[in-house]
Amino acid sequence: MHPTLNIAVKAARRAGQIINRASLDIDSLNVGVKQQSDYVTEVDRAAEAAIITVLREAYPTYGILAEESGLAGTDANAEFQWIIDPLDGTTNFIHGVPQYAVSIGLAKRGIVQQAVVYDANRNEIFTASKGGGAFLNGKRIRVAKRTRLDESL
């Protein structure tokens with residue numbers, strides 16, 4: 001696994017710990033509305049801060065584009081940029097629907113090179129590297145060979 005991907009996995013797992021703890025007491029969360037049907041919680045912000053801390057420790061010069069804080073300490077022309085959605089599926093989360101994840105990508109000159117999606121509920125970590133394939137918990141995954149819509153799932 002590429003070193004940047006390892007760091008992204010570490011950051012996603014750290015955020016997942018925060019999200020899992022918060023999921024035990026959803027009713028006590030402060031929920032804000034960014035716009036209609038677009039929510040933000042203190043969990044989004046705490047998870048994002050944890051991710052940024054891990055990424056900054058390892059790659060302090062990389063740019064960051066994060067859902068809640070926007071551009072963080074970055075040159076608009078940074079060669080590398082982390083892209084973060086700390087709680088992808090906040091609406092599901094606040095309604096107790098267990099389909100949400102932590103999403104982190106790394107772009108080089110605007111082209112995504114590495115990506116991590118962590119489903120903390122199931123402890124499933126999806127990783128992908130440009131030209132290197134996709135994996136679920138370290139095991140290679142592939143697209144089905146179906147060519148007709150009525151044969152697909």
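Residues numbered from 1 in each chain as written. Predicted model: local features only at pLDDT ≥ 70, side-chain atom pairs only at ≥ 80, totals over all residues. Heavy atoms only, no water.

K.L.:
Break down the side chain of Q114 for me, with residues and values.
P.N.:
With respect to the helices and strands, Q114 occurs in strand β7 (residues 111-119). Among the polar contacts made by the side chain of Q114, one reaches the side chain of S129 at a distance of 2.7 Å. Apart from the residues within four sequence positions on either side, Q114 is in contact with H2, T4, L5, I104, G105, L106, A128 and S129. (Helix = DSSP H or I, 4+ residues; strand = E, 2+ residues; numbered from the N terminus. Polar contact = N/O pair within 3.5 Å; in protein donor to acceptor, adjacent residues only side chain to side chain. Contact = heavy atoms within 4.5 Å.)

K.L.:
Quick one: what's the story with helix α1 (residues 3-23), residue by residue and with numbers?
P.N.:
Given a rise of 1.5 Å per residue, 21 residues ought to cover 30 Å, and the 30 Å separating the end C-alpha atoms of α1 matches this to within 8%. Three or more residues of α1 are buried, namely T4, L5, I7, A8, V9, A11, A12, A15, G16, I18, I19 and A22. In this structure, the buried residues of α1 make contact with α2 (42-58), β5 (80-88), α3 (90-94), β6 (101-108), β7 and β8 (124-129). (Expected span 1.5 Å × (residues − 1). Buried < 20%, exposed > 50% of the residue type's maximum accessible area, 1.4 Å probe, protein only.)

K.L.:
Run through the packing of α1 against α2, naming residues and quoting values.
P.N.:
The N-to-C vectors of α1 and α2 enclose an angle of 155°; their axes lie 9 Å apart at closest approach. One way to sum up the angle between α1 and α2 is to call them roughly antiparallel. Seen along the crossing, α1 lies across α2 with a hand that is right-handed. On α2, the residues touching I7, A8, K10, A11, R14, A15, I18, I19 and A22 of α1 are V43, A46, A47, A50, I51, V54, L55 and A58. Residues belonging to the contact of α1 with α2 are distributed by class as follows: 15 nonpolar, no polar and two charged. (Axes fitted to C-alpha atoms, helices over the stretch in contact; angles between N-to-C directions. Parallel < 35°, antiparallel > 145°, perpendicular 65-115°, else oblique. Left-handed = near helix turned anticlockwise from the far one by under 90°. Nonpolar A, V, L, I, M, F, W, Y, C, P; charged D, E, K, R; others polar.)

K.L.:
Quick rundown of the environment of G132? Include the residues and the values.
P.N.:
By secondary structure assignment, the location of G132 is in the loop between β8 and β9 (133-136). For G132, a relative accessible area of 35% translates into the label partly exposed.

K.L.:
I'd like to hear about the confidence of the model for the chain, residue by residue, with values.
P.N.:
Detailed reading of the predicted coordinates is not advisable wherever pLDDT falls low. Across the chain, pLDDT averages 85, with 84% of residues at or above 70. Counting contacts from residues 35-39, a segment whose pLDDT is below 50, to residues more than four positions away or on other chains yields 10 contacts. (pLDDT = per-residue confidence, 0-100.)

K.L.:
Give me the pairing of β5: which residues, what numbers.
P.N.:
With four bridges connecting them, strand β3 (residues 63-66) and β5 associate as parallel partners. Bridge assignment links G63 to a residue of β5, and that residue is Q81. Sheet topology note: the β5/β6 ladder contains seven bridges and is antiparallel. Looking across to β6, one finds that I84 is bridged to I104. (Pairing = 2+ DSSP bridges.)

K.L.:
Hey, could you go over the nonpolar core for me, with residue numbers and the actual values?
P.N.:
I19, I51, L55, W82, F93, V102 and I104 are the most contacted members of the largest nonpolar core, which totals 34 residues. At the level of elements, α1, α2, β3, β5, α3, β6 and β7 are the ones that each hand at least two residues to this core. Among the elements that make up this core, the one with the highest residue count is α1 (10 residues). With sequence-adjacent residues up to four places away left out, W82 is seen in contact with T4, A8, L55, Y59, Y62, G63, I64, L65, I104, G105 and L106. (Core = buried A, V, L, I, M, F, W, Y, C linked by side-chain atoms within 4.5 Å.)

K.L.:
I'd like a description of the pattern of salt bridges, backed by residues and values.
P.N.:
With the rule as written, the count across this model stands at four salt bridges. Connected through salt bridges with shared partners, the residues R148, D150 and E151 form a single ionic network. (Salt bridge = Lys/Arg side-chain N within 4 Å of Asp/Glu carboxyl O.)

K.L.:
A description of the packing of aromatic side chains should follow, citing residues and the corresponding values.
P.N.:
Considering all chains together, one arrives at five aromatic pairs under this definition. On the numbers, 6.0 Å between centres and 55° between planes, the contact of Y59 with W82 is tilted. Separated by 23 residues along the polypeptide, Y59 in the loop between α2 and β3 and W82 in strand β5 bring together distant segments of the chain. The class for W82 is buried, based on a relative accessible area of 1%. Through successive ring pairs, a cluster of aromatic residues spans Y59, Y62, F80 and W82. (Phe/Tyr/Trp six-rings, centres within 6.5 Å; stacked < 30°, edge-to-face > 60°.)

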